[in-house]
Amino acid sequence: MPMTQARRIFTVPLRQSMVIYDAAHELVWPERRQPFAGLAKSAKMRKGNYIKAHKCASAALQEALHGGRKGFRKALWFGHAMRDRREECDAAGRA
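Fair warning: this is a prediction, and the values are worked out from it, not measured in the lab.

A. Spatial organisation of the overall build of the protein chain. Within the protein chain, the regular secondary structure consists of four helices and zero strands. In the protein chain, the succession of α and β elements from N to C terminus is α-α-α-α. Residues counted as buried form 12% of the 95 residues belonging to the protein chain. When the accessible surface of the protein chain is totalled, it reaches about 8100 Å², and 60% of it is carbon and sulfur.

Here you go:
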């Protein structure tokens, strides 16, 4: 495998992890938000692609945070994590 192909394969996950890190950083410290142009440059990505990836990562992190809050709320008020009855059943509806 030529070096350029190997470098491309290994840098894509690194770029994605940088975008996810930036989205998480913005979620924790919204007052320290940096311009997308600088963040895209540090990830060596085009600004438009960076913004799309950042939106996707932010949405996934927000959804995970919401699910965690919901589970914590149930555990706090009901004493244990309540499971959906649908999750406990198999395809035929048996427990």
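B. Expanded view of a nonpolar patch on the surface. A surface patch of nonpolar side chains, amounting to about 320 Å² of accessible area, comprises L27, V28, W29 and L65. Residue position: L27 is located in helix α1 (residues 3-28).

C. Just the pattern of salt bridges, in detail. Inspection of the entire model under this criterion finds one salt bridge. For R33, the salt bridge is made with E26, and the minimal N-O distance between the two is 3.5 Å.

D. Looking closely at helix α3 (residues 47-78). An ideal rise of 1.5 Å per residue puts 46 Å on 32 residues; α3 measures up with 46 Å between its terminal C-alpha atoms. For α3, the complete set of buried residues consists of Y50, H54 and A57. Of the residues flanking the end of α3, it is G79, one or two places downstream, whose phi is positive at about 85°.

E. Up close: the confidence of the model for the protein chain. Looking at the protein chain as a whole, its pLDDT mean stands at 78, while 71% of the residues score no less than 70. Note on residues 5-10: pLDDT is under 50 here. Beyond four places in sequence and across chains, it has two contacts.

F. Local environment of the environment of I51. Residue placement: I51 occurs in helix α3. Take I51: its relative accessible area is 26%, and that puts it in the partly exposed class. For the pair formed by I51 and F36, sequence separation is 15 residues and the distance between their alpha carbons is 7.0 Å.

Parameters at a glance
- Along each chain, residues carry numbers from 1 onward, in the same order as the chain's sequence is written.
- At least 70 in pLDDT is required for a residue's local features to be given in this predicted model, at least 80 for side-chain atom pairs to be given and counted, and no such filter applies to totals for whole chains, interfaces and linings, which use all residues.
- Note: side-chain values were computed over all heavy atoms of the structure, leaving out hydrogens and water.
- Per the convention used, a helix needs a DSSP run of H or I reaching at least four residues, while a strand needs a run of E reaching at least two, with both numbered from the N terminus.
- Three exposure classes are used, based on accessible area relative to the maximum for each residue type with a 1.4 Å probe and protein chains only: buried under 20%, partly exposed in between, and exposed over 50%.
- In this description, accessible areas are obtained by the Shrake-Rupley approach with a 1.4 Å probe, and a residue is regarded as covered only by the protein chains that are shown.
- Patch definition: residues above 30% relative accessible area lacking any salt bridge, with like charges linked at up to 9 Å and the nonpolar side chains Val, Leu, Ile, Met, Phe, Trp and Tyr linked at up to 5 Å.
- When a carboxyl oxygen of Asp or Glu lies within 4 Å of a side-chain nitrogen of Lys or Arg, that pair is called a salt bridge.
- How far a helix is expected to stretch is found by multiplying one less than its residue total by 1.5 Å.
- As a per-residue measure, pLDDT reflects the predictor's confidence and takes values from 0 up to 100.
- Contacts are assigned to residue pairs with any non-hydrogen atoms lying within 4.5 Å of each other.

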